[in-house]
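# Notes for the structure review
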Amino acid sequence: SRAALFEGGDKVKVTFKDVAGLEEAKEEVQEIVEFLKNPSKFTILGGKIPKGALLVGPPGTGKTLLAKAVAGEADVPFFSLSGSDFVEMFVGVGAARVRDLFKQAKAKAPCIIFIDEIDAIGRSRSRGNVPGGNDERENTLNSLLVEMDGFGTDSGVIILAATNRPDTLDSALLRPGRFDRQISVDPPDLNGRTAIFQVHLKPLTLAPDVDAKRLSAQTPGFAGAEIANVCNEAALIAARRDKKMVTMQDFHDAIDRVIGGLEKKNKIISPEE
Ligand code: ATP
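Calculation criteria
- Residues numbered from 1 in each chain as written.
- Predicted model: local features only at pLDDT ≥ 70, side-chain atom pairs only at ≥ 80, totals over all residues.
- Heavy atoms only, no water.
- Helix = DSSP H or I, 4+ residues; strand = E, 2+ residues; numbered from the N terminus.
- Buried < 20%, exposed > 50% of the residue type's maximum accessible area, 1.4 Å probe, protein only.
- Contact = heavy atoms within 4.5 Å.
- Areas by Shrake-Rupley, 256 points an atom, 1.4 Å probe, with all protein chains shown as cover.
- Phe/Tyr/Trp six-rings, centres within 6.5 Å; stacked < 30°, edge-to-face > 60°.
- Salt bridge = Lys/Arg side-chain N within 4 Å of Asp/Glu carboxyl O.
- Patch = residues over 30% accessible without salt bridge, like charges linked within 9 Å, V, L, I, M, F, W, Y side chains within 5 Å.
- Lys, Arg positive; Asp, Glu negative; His and termini not counted.
- Charge placed at Lys NZ, Arg CZ, Asp CG, Glu CD.
- Axes fitted to C-alpha atoms, helices over the stretch in contact; angles between N-to-C directions.
- Parallel < 35°, antiparallel > 145°, perpendicular 65-115°, else oblique.
- Left-handed = near helix turned anticlockwise from the far one by under 90°.
- Nonpolar A, V, L, I, M, F, W, Y, C, P; charged D, E, K, R; others polar.
- Core = buried A, V, L, I, M, F, W, Y, C linked by side-chain atoms within 4.5 Å.
- Pairing = 2+ DSSP bridges.
- Expected span 1.5 Å × (residues − 1).
- Near = heavy atom within 4 Å.
- Polar contact = N/O pair within 3.5 Å; in protein donor to acceptor, adjacent residues only side chain to side chain.

For the chain, an unreviewed UniProt entry supplies the name ATP-dependent zinc metalloprotease FtsH and the organism Hymenobacter gummosus.

### Comments concerning the overall build of the chain
From N to C terminus, the chain includes ten helices and six strands. For the chain, buried positions account for 47% of its 273 residues. Sequence separation of at least 24 residues holds for 78% of the intrachain contacts in the chain that already meet a minimum separation of 6. In the structure as shown, the chain presents an accessible area of about 13,700 Å², 51% of it carried by carbon and sulfur atoms.

### Quick look at the packing of aromatic side chains
Each aromatic ring pair is summarised here by two numbers: the centre-to-centre distance and the angle between the ring planes. Applying the stated criterion to the full structure yields two aromatic pairs. Aromatic pair Phe35 and Phe42: ring centres 4.5 Å apart, planes at 75°, arrangement edge-to-face. On the accessibility criterion, Phe35 (5% relative accessible area) is buried. Overall, the relative accessible area of 22% leaves Phe42 in the partly exposed class.

### Let's talk about the pattern of salt bridges
Tallied over the entire structure, the rule returns ten salt bridges. Linked through salt bridges whose partners overlap, the residues forming this network are Arg241, Lys243, Asp250 and Asp253.

### Looking at a negative patch on the surface
Residues Glu24, Glu27, Glu28 and Asp186 make up a contiguous surface patch of negative charge. Locating Asp186 in the fold gives a position in the loop between strand 6 (179-184) and helix 7 (190-201). Judged by its relative accessible area of 47%, Asp186 is partly exposed.

### A short note on the packing of helix 1 (residues 23-37) against helix 3 (residues 63-74)
Relative orientation of the contacting elements helix 1 and helix 3 amounts to 40°, with a least axis distance of 9 Å. On the basis of their axis angle, the class for helix 1 and helix 3 is oblique. When the axes of helix 1 and helix 3 are compared, the crossing they make is right-handed. Residues Ala25, Lys26, Val29, Ile32, Val33, Leu36 and Lys37 of helix 1 form the contact with helix 3, whose participating residues are Leu66, Val70, Glu73 and Ala74. Tallied by class, residues from the contact of helix 1 with helix 3 come to eight nonpolar, no polar and three charged.

### Things to note about the nonpolar core
Formed by 29 residues in total, the largest nonpolar core has its most connected members in Ile32, Leu36, Leu66, Val70, Ile112 and Leu160. Not counting chain neighbours up to four residues away, the residues in contact with Ile32 comprise Ala53, Val70, Ile112, Ile158 and Leu160. In terms of nonpolar packing, the next biggest core, distinct from the first, is built from 26 residues, Ile118, Phe151, Ala161 and Ala172 among them.

### Considering the pairing of strand 5 (residues 157-163)
Burial runs high along strand 5: seven of the seven residues are buried. In strand 5, alternate side chains face the same way, and those of Val157, Ile159, Ala161 and Thr163 on one face and Ile158, Leu160 and Ala162 on the other are all buried. Pairing of strand 2 (residues 52-56) with strand 5, which is carried by five bridges, proceeds in the parallel orientation. Opposite Leu54, over in strand 5, you have Ala161 as the bridge partner.

### A word on the packing of helix 9 (residues 224-240) against helix 10 (residues 248-264)
The relative placement of two packed helices comes down to the angle between their axes together with the axis-to-axis distance. One way to put it is that helix 9 packs onto helix 10 with a least axis distance of 8 Å and a crossing angle of 125°. On the basis of the axis angle, helix 9 is oblique to helix 10. Judged by the sense of rotation from one axis to the other, the crossing of helix 9 with helix 10 is right-handed. The residues of helix 10 that touch helix 9, namely those facing Glu226, Asn229, Val230, Cys231, Glu233, Ala234, Ile237, Ala238 and Arg240, are Asp250, Phe251, Asp253, Ala254, Ile255, Arg257, Val258 and Leu262. When the residues that make up the contact of helix 9 with helix 10 are grouped by side-chain class, the tally is ten nonpolar, one polar and six charged.

### Points about helix 4 (residues 93-107)
With 15 residues, helix 4 ought to run about 21 Å at 1.5 Å a step, and its terminal C-alpha atoms sit 21 Å apart, in line with that. Listed in full, the buried residues belonging to helix 4 are Gly94, Ala95, Ala96, Arg97, Val98, Asp100, Leu101, Phe102 and Ala105.

### Digging into the site of the ligand
Surrounding the ligand, one finds 17 residues, the nearest of these being Ala20, Gly60, Lys63, Thr64 and His200. Contact distances for the ligand include 2.8 Å between an oxygen atom and a backbone N or O atom of Gly60. Between the ligand and Thr61, the relevant distance is 3.2 Å, taken from an oxygen atom to a main-chain nitrogen or oxygen of the residue. Against a free-state accessible area of 630 Å², the protein chains account for coverage of 76% of the ligand. Going through the elements one at a time, helix 3, helix 7 and helix 9 are the ones with two or more residues in the shell around the ligand. Considered class by class, the residues forming the shell around the ligand number eight nonpolar, six polar and three charged.

Encoded structure:
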């Protein structure tokens, strides 16, 4: 069905406290939260509310989480779709989906539309296109541009899009009135990882020896997604060992397992600190 391709329109419970670290990024999106909560405060003075912002950063650093938290903080509906879903789509379908999405979003404004992996639709049109090969992607991109231009800044729909390759994006997407702001969502440093561990340790039943700072020091190069993974794996390992609490040893084994998984995926864990 058509509706299946984008998720949405529901309120979300995620808030900024679920997003660890990323202090600068949170500060930057705070303004968007204010627009969504009280648009007239800005438009009455003649200010133009931005239509969209790009969240730029490597995989697993919390871009989706941050976009959800913006919707959660403003208490508005969250719509999302992924650019990669539009690849290999039949002619006309991608563009129709984009139109549908915007129609539903406008009806539920104020709200957030989140486009994950926007590079999959928004790749530069001049770049390595096989003649006739990328028609539908281009149609989808064009319909996105048309939709973005077609609503006023006071419509209350704000589009956040995520990419780890802003340099590959079609410059049309980056023009004023479109995604004219970029917000960096950087991989966490030592303190950032500690903060992320603290968030994901919270729901677990922990042995007294478990220490977020030490875990952070043992996971250089890990992004938030991997840290969340470690915490969940540790709990599963402890359960399999019939333990009543998750211990540091379970975490060490979980870290090894996650590193093993990353190596398989051919990701490089870069040395840091
Ligand atoms: P991708 O580009 O691969 O889609 P992403 O940047 O959108 O990745 P998320 O999907 O937001 O990353 O992160 C995956 C999960 O990792 C989150 O649901 C959350 O559990 C955890 N996570 C990532 N970053 C953070 C963070 N800064 N604070 C807390 N949890 C985080």
